[in-house]
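# Tertiary structure, described
What follows is the residue order along each chain.
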Amino acid sequence: MNFPDRGLKSRSLLCVLHSTTMPAALVECGFIDNDMDAVLLMNHQQEIAAAIARGVTDYWQMNS
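These notes cover the structure that comes with them. (Residues numbered from 1 in each chain as written. Predicted model: local features only at pLDDT ≥ 70, side-chain atom pairs only at ≥ 80, totals over all residues. Heavy atoms only, no water.)

## Regarding the overall build of the protein chain
- Helix and strand counts for the protein chain stand at three helices and zero strands.
- Mapped from its N terminus to its C terminus, the protein chain presents α and β elements in the order α-α-α.
- The globule rule puts the C-alpha radius of gyration for 64 residues at 11 Å, and the 14 Å found for the protein chain is more than 25% above it.
- Element-wise, carbon and sulfur atoms account for 58% of the exposed surface of the protein chain, whose accessible area totals about 5,900 Å².
- Between the mean site of the 4 positive side-chain charges and the mean site of the 7 negative ones, the protein chain shows a separation of 8 Å. (Helix = DSSP H or I, 4+ residues; strand = E, 2+ residues; numbered from the N terminus. Rg over C-alpha atoms; globule rule 2.2 N^0.38 Å. Areas by Shrake-Rupley, 256 points an atom, 1.4 Å probe, with all protein chains shown as cover. Lys, Arg positive; Asp, Glu negative; His and termini not counted. Charge placed at Lys NZ, Arg CZ, Asp CG, Glu CD.)

As structure tokens, then:
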């Protein structure tokens, strides 16, 4: 996929991150601001889901 990496944005005051006692993350998979991006996201749903799952399992393996 040819999506630019926009980096990590630290926003500690978001409720889902600030008001929980467990590890939490917000995942934004992309912007659908044109037809090409929408098609790329639709065609790569499994890869995106696998990458998110891999991130969760990697986190738990490193912190257990």
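## Describing the environment of valine 16
- Among the structural elements, valine 16 can be located in helix H1 (residues 15-18).
- For valine 16, a relative accessible area of 44% translates into the label partly exposed.
- Sequence separation between valine 16 and leucine 26 is ten residues; the distance between their C-alpha atoms is 8.1 Å.
- Not counting chain neighbours up to four residues away, the residues in contact with valine 16 comprise Ala24 and Leu26. (Buried < 20%, exposed > 50% of the residue type's maximum accessible area, 1.4 Å probe, protein only. Contact = heavy atoms within 4.5 Å.)

## Description of the packing of aromatic side chains
- Applying the stated criterion across every chain yields a total of one aromatic pair.
- Seen in terms of ring centroids, tyrosine 59 and tryptophan 60 are 5.3 Å apart; in terms of plane orientation they differ by 85 degrees. Their pairing is edge-to-face.
- Its relative accessible area of 36% is what places tyrosine 59 among the partly exposed residues.
- Judged by its relative accessible area of 45%, tryptophan 60 is partly exposed. (Phe/Tyr/Trp six-rings, centres within 6.5 Å; stacked < 30°, edge-to-face > 60°.)

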